[in-house]
Amino acid sequence: MTYPPGYPGAYGPGGHPQGPPPEPPRSPWSSPAVLVAIGAGVLLVVAGVLAAFLLIPSDEESAAKSASSTTSQPPTITSTVTRSPTPPPTTATTTLTPAPNRPAPTVAGADWQGFVTGPRCNAADDPAVAIGQTSRSRVVICQVGNQTGRWYYKGQAPEGGIELQFPTRIGNTFEARNGSVRYLVSPTSLTIVDGGSVLTNEPMLAFWSLPG
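What you see is a predicted model, and the numbers here were worked out from it, not measured in a lab.

S.K.: When you look at the pairing of strand β5 (residues 151–157) in this model, what are you seeing that I'm missing?
M.R.: One face of the sheet, then the other: side chains in a regular strand alternate in exactly this way. Among the seven residues of β5, five are classified as buried, and the element is accordingly described as predominantly covered. Here six bridges tie strand β4 (residues 138–143) to β5, and the two strands are oriented antiparallel to one another. Across the sheet, residue Arg138 finds its bridge partner in β5, namely Gln156. In this structure, β5 lies alongside strand β6 (residues 160–165), joined through six bridges in antiparallel fashion.

Written as structure tokens, this is what we have:
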């Protein structure tokens, strides 16, 4: 007698008895744990959607908040200004320095320091104490600042100019020395003497001097 394959009591190849066939494998999605997890996930998604709708403000609420922030009154700022007293006007005191007492020579073309075109005194505060002019020469006796009695001689002729220190004065006559040569300036003449010889004697055309 022959049994169908897989039938209990049937014999398989080789004459060995053959049991019932194995059950088919189950799907993993049919597991109870998987079904519970899927249900929980669906519930979480639904809860999240509801919470989002509840938390999003409506357009009317947003407009109301915007209007309230726009119409709010600005804060009041109070400032206090302290004015310092105005100082009394000051009175400037000006001290006038009297003009120096400068000489006024009577020789044409000369001022208080000598001839305008030369010769003239060196420093700005050196006054002339004597000025003379001949037909070919000009001479000036200058004082050093306000040092009375300290003078120097300046002469100019077509041949050139000369300056000599420390001339002496006797009355209205001044004498300056350059080695053995003496220059004598008086109200009447300019005389240049070398030793005992007179080199030149030029009559004065104009002469002025401070009182000596």
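S.K.: Explanation requested: the state of the cysteines in the structure shown.
M.R.: Here, disulfide denotes a covalent bond that connects the sulfur atoms of two cysteines. Summed over all chains, the structure comprises one disulfide. Cys121 shares a disulfide with Cys142; S-S distance 2.1 Å. With the S-S bond torsion at -95°, the cross-link from Cys121 to Cys142 turns out left-handed. Taken as a pair, Cys121 in the loop between β2 (114–115) and β3 (128–133) and Cys142 in strand β4 lie far apart in primary sequence, 21 residues in all. For the pair Cys121 and Cys142, one class covers both residues: buried.

S.K.: Explain the packing of aromatic side chains here, please?
M.R.: Think of a pair of aromatic rings as described by two things: how far the centres are apart, and how the planes are tilted against each other in angle. Counted under the stated rule, the structure contains two aromatic pairs. Taking 5.6 Å as the distance between ring centres and 80° as the angle between the ring planes, the aromatic pair formed by Trp151 and Phe174 counts as edge-to-face. You can see Trp151 sitting in strand β5 and its partner Phe174 sitting in strand β8 (residues 173–178), a full 23 residues away along the chain. With respect to class, Trp151 is no different from Phe174; both count as buried. The ring of Phe115 has Arg138 lying over it, and the distance from NZ or CZ to the ring centre is 4.7 Å.

S.K.: Just to check I follow, could you spell out the sheet that holds strand β10 (residues 189–194) for this structure?
M.R.: Within a sheet, neighbouring strands are paired by backbone hydrogen bonds and run either parallel or antiparallel to one another. One open sheet holds the five strands; their spatial order is β7-β8-β9-β10-β11, and the pairing between them is antiparallel. Each edge of the sheet is formed by a strand with only one pairing partner; in this case those strands are β7 (168–170) and β11 (197–203). On average, adjacent strands in this sheet sit at an angle of 20° to one another, irrespective of strand direction. Relative to strand β9 (residues 181–185), β8 runs antiparallel, the two being bridged by five bridges. Within the sheet, the bridge partner assigned to Asn178 lies in β9 and is Val181.

What counts, and where the lines are drawn
Residues numbered from 1 in each chain as written. Predicted model: local features only at pLDDT ≥ 70, side-chain atom pairs only at ≥ 80, totals over all residues. Heavy atoms only, no water. Buried < 20%, exposed > 50% of the residue type's maximum accessible area, 1.4 Å probe, protein only. Helix = DSSP H or I, 4+ residues; strand = E, 2+ residues; numbered from the N terminus. Pairing = 2+ DSSP bridges. Disulfide = S-S within 2.5 Å. Phe/Tyr/Trp six-rings, centres within 6.5 Å; stacked < 30°, edge-to-face > 60°. Lys NZ or Arg CZ within 6 Å of the ring centre and 35° of its normal. Axes fitted to C-alpha atoms, helices over the stretch in contact; angles between N-to-C directions.

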